[in-house]
Amino acid sequence: MVSYTMTSSLYIITFGMGASPFTNIEAVKIFCQNMCITIVLNYFYVFSFYGSCLVFAGQLEQNRYHSIFCCKIPSEEYLDRQPIWFQAMMSDGHQHSTHHEPDPYENHFIQHFLREHYNDWITNTYVKPFVVIVYLIYASFSFMGCLQITGGSNIINLLASDSPSVSYALIQQKYFSNYSPVIGFYIYEPLEYWNTTVQEDLKTLSFGFNTESWIEQFYQFLKVGNISASNKTEFINVLQNGFLRKTEFQHFKNDIIISRSGEELNIIASRMYLVARTSENTQREVVELLEKLRPLSLIQSIKFIVFNPTFVFMDHYGLAVTMPVLISGFSVLLVLILTFFLVIHPLGNFWLIITVTSIELGVLGLMTLWKVDMDCVSILCLMYSLNFAIDHCSPLLYTFVLATEHTRTLCIQDSLKEHGTAIIQNVVTFLIGLVPLLFVPSNLTSTLFKCLLLTGSCTLLHCFVILPVFLTFFPPSKKRHKKKKRAKRKEREEIECIEIQENADHVTSV
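Basis of the calculations
- Residues numbered from 1 in each chain as written.
- Predicted model: local features only at pLDDT ≥ 70, side-chain atom pairs only at ≥ 80, totals over all residues.
- Heavy atoms only, no water.
- Salt bridge = Lys/Arg side-chain N within 4 Å of Asp/Glu carboxyl O.
- Helix = DSSP H or I, 4+ residues; strand = E, 2+ residues; numbered from the N terminus.
- Buried < 20%, exposed > 50% of the residue type's maximum accessible area, 1.4 Å probe, protein only.
- Pairing = 2+ DSSP bridges.
- Axes fitted to C-alpha atoms, helices over the stretch in contact; angles between N-to-C directions.
- Parallel < 35°, antiparallel > 145°, perpendicular 65-115°, else oblique.
- Left-handed = near helix turned anticlockwise from the far one by under 90°.
- Contact = heavy atoms within 4.5 Å.
- Nonpolar A, V, L, I, M, F, W, Y, C, P; charged D, E, K, R; others polar.
- 1 Å grid on protein atoms, 1.4 Å probe; cavity = no way out; pocket = protein on both sides within 12 Å on 5 of 7 lines; lining within 4 Å.
- Points joined across faces, edges and corners; volume = space filled by probe spheres on them.
- Phe/Tyr/Trp six-rings, centres within 6.5 Å; stacked < 30°, edge-to-face > 60°.
- Patch = residues over 30% accessible without salt bridge, like charges linked within 9 Å, V, L, I, M, F, W, Y side chains within 5 Å.
- Areas by Shrake-Rupley, 256 points an atom, 1.4 Å probe, with all protein chains shown as cover.

A. Layout of the pattern of salt bridges. Following the criterion strictly, the structure yields three salt bridges and no others. Glu 264 serves as the salt-bridge partner of Lys 232, at 2.5 Å between the closest nitrogen and oxygen. Highlighted residues: Lys 232 in helix H10 (residues 232-243) and Glu 264 in strand S4 (residues 264-276), separated in sequence by 32 residues.

B. Quick look at the pairing of strand S1 (residues 183-187). Burial analysis of S1 places four of its five residues in the buried class, the great majority of the element. Here S1 pairs with S4 via five bridges, running antiparallel. Bridge pairing links Phe 185 to Met 272 in S4. Alignment of S1 against strand S5 (residues 304-307), held across four bridges, turns out to be antiparallel.

C. Molecular detail of the packing of helix H15 (residues 376-402) against helix H16 (residues 408-432). Interhelical geometry of H15 versus H16 gives an angle of 150 degrees and a closest axis separation of 7 Å. Our classification of the angle between H15 and H16 gives roughly antiparallel. For the pair H15 and H16, the crossing hand works out as right-handed. Seen from H15, the contacting residues are Tyr 384, Phe 388, His 392, Pro 395, Leu 396, Thr 399 and Phe 400; seen from H16, they are Arg 408, Cys 411, Ile 412, Ser 415, Leu 416, Glu 418, His 419, Ile 423, Asn 426, Val 427 and Phe 430. Partitioned by chemical class, the residues of the contact of H15 with H16 number eleven nonpolar, five polar and two charged.

D. How the structure looks around empty space enclosed by the protein. The tally for this structure, following the rule as stated, stands at two cavities of 30 Å³ or more. Lining the largest cavity we find Gln 199, Leu 202, Lys 203, Ser 206, Ser 213, Ile 215, Glu 216, Tyr 219 and Met 272. The class makeup of the residues in the lining of the largest cavity is four nonpolar, three polar and two charged.

E. Spatial organisation of the packing of aromatic side chains. Under the criterion given, the structure shown has 31 aromatic pairs. Here the aromatic residues Tyr 193, Trp 194, Trp 214, Phe 218, Phe 221, Phe 235, Phe 243, Phe 249 and Phe 252 are joined through ring pairs into a cluster of three or more.

F. Up close: the environment of Gly 208. Turning to its location among the elements, Gly 208 is positioned in the loop between helix H8 (196-205) and strand S2 (209-212). On the accessibility criterion, Gly 208 (60% relative accessible area) is exposed. Separated by 67 residues in sequence, Gly 208 and Val 275 have C-alpha atoms that sit 9.1 Å apart.

G. How the structure looks around a nonpolar patch on the surface. Together, Phe 130, Ile 133, Ile 137, Phe 141 and Met 144 line one region of the surface with nonpolar side chains, adding up to about 500 Å² of accessible area. Looking at where Met 144 falls in the secondary structure, it is placed in helix H6 (residues 128-147). Given a relative accessible area of 36%, Met 144 falls into the partly exposed group.

Rendered as structure tokens:
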């Protein structure tokens with residue numbers, strides 16, 4: 001329960017960070033809030049009901065009752081006379097000839113492989129240089145991927161892979177991507193459109209765009225007809241009774257909202273459409289365009305809003321570059337602050353910091369090289385990879401740091417013997433559980449599969465390849481433990497050599 005409490009605390013901290021105001025992506029925030037509630041409920045479930053079930057199962061096993069049918073297990077002689085199916089159903093799973101072995105877990109084939117073959121091979125002097133080269137290659141690709149993280153992820157990835165919208169979007173991007181989406185320019189307050197200053201401000205705001213605007217068409221209509229509209233009454237009168245009655249301008253009726261207050265008419269809102277000329281990388285330029293247009297709506301005298309339905313996704317992807325780094329960074333910092341006061345050995349915490357950082361950067365960099373976009377799913381996976389790495393690396397590291405063998409090689413071999421089988425079983429079952437994600441026709445599910453596959457693979461690489469070699473190079477030193485053991489052995493040898501003579505005829509050796 002101590003280790004389970006620590007694990008639950010780490011998950012609460014990291015997902016709590018995702019549910020905090022630091023996260024401004026609502027999908028991530030909602031998911032993290034649900035995860036925090038789930039972790040708390042699961043903790044109390046394990047602490048109460050599940051623990052009671054384990055006690056009950058232990059009593060059944062001790063009294064030789066069947067764990068499913070809760071009936072007394074027949075004797076071995078009786079089972080030998082029954083059919084095989086009956087033996088399979090009613091057997092307690094123990095080989096009675098080996099039931100009293102001190103540690104049956106040692107016979108597990110993974111444990112046997114690690115103990116007899118892998119531990120000696122990975123710590124071999126001739127293997128270590130190749131492991132160092134492998135890590136340098138891993139670090140190089142990770143660093144290269146981290147440098148290539150950019151915004152402008154493709155909106156298509158939010159759609160199902162077999163959706164017809166994907167085909168449309170690909171064709172549109174291939175042949176008609178020289179223009180941005182049509183941007184709605186909405187003026188939501190009464191404005192003196194007949195004022196020359198206002199007219200100049202509107203021209204300034206729409207400069208550089210291809211526009212579809214009733215304002216420009218109306219000004220052109222006044223100029224061609226040599227019509228004067230220098231005040232409010234003339235302007236609205238010509239607009240209603242002249243301009244909007246023309247067949248070619250009637251489609252602008254939906255772009256102007258005119259209200260009547262008594263005898264007075266007012267234009268309370270209007271809209272026009274803007275299209276920007278872009279290069280091939282349309283999405284990134286549109287994000288930059290939004291970042292320039294929206295501040296103008298706050299500082300200009302004209303109150304307006306610019307919007308297009310795709311801006312919802314543009315906003316999301318505009319933030320996706322910085323959010324993973326910020327969330328992961330804050331999570332790592334908070335976790336390390338907590339574990340700094342709770343760890344048994346500070347050097348173990350230091351190694352844990354280095355390992356988790358290496359795994360996190362590796363997952364982030366390799367994701368980029370694998371063309372995984374920075375969306376809400378990949379951000380959540382980065383948060384999860386932090387906890388996954390801590391769960392699997394911390395037992396190995398702390399067992400090594402606290403070991404008292406003569407050499408660092410023996411210490412890491414003992415750590416692998418103690419925790420290697422559990423780590424392999426956990427990671428392998430985790431990766432097998434990802435296989436069904438391959439058959440879901442969704443780009444977001446594909447992102448989830450790639451991110452979690454990298455998380456499990458990087459963690460496995462560090463636990464069984466990188467750490468067993470690097471820990472034999474660097475501290476902690478085991479010389480002090482060796483000196484203490486030598487001193488104890490010498491003291492024991494001196495004690496064993498003492499002879500106590502009780503009388504002349506009897507000598508007792510101690």
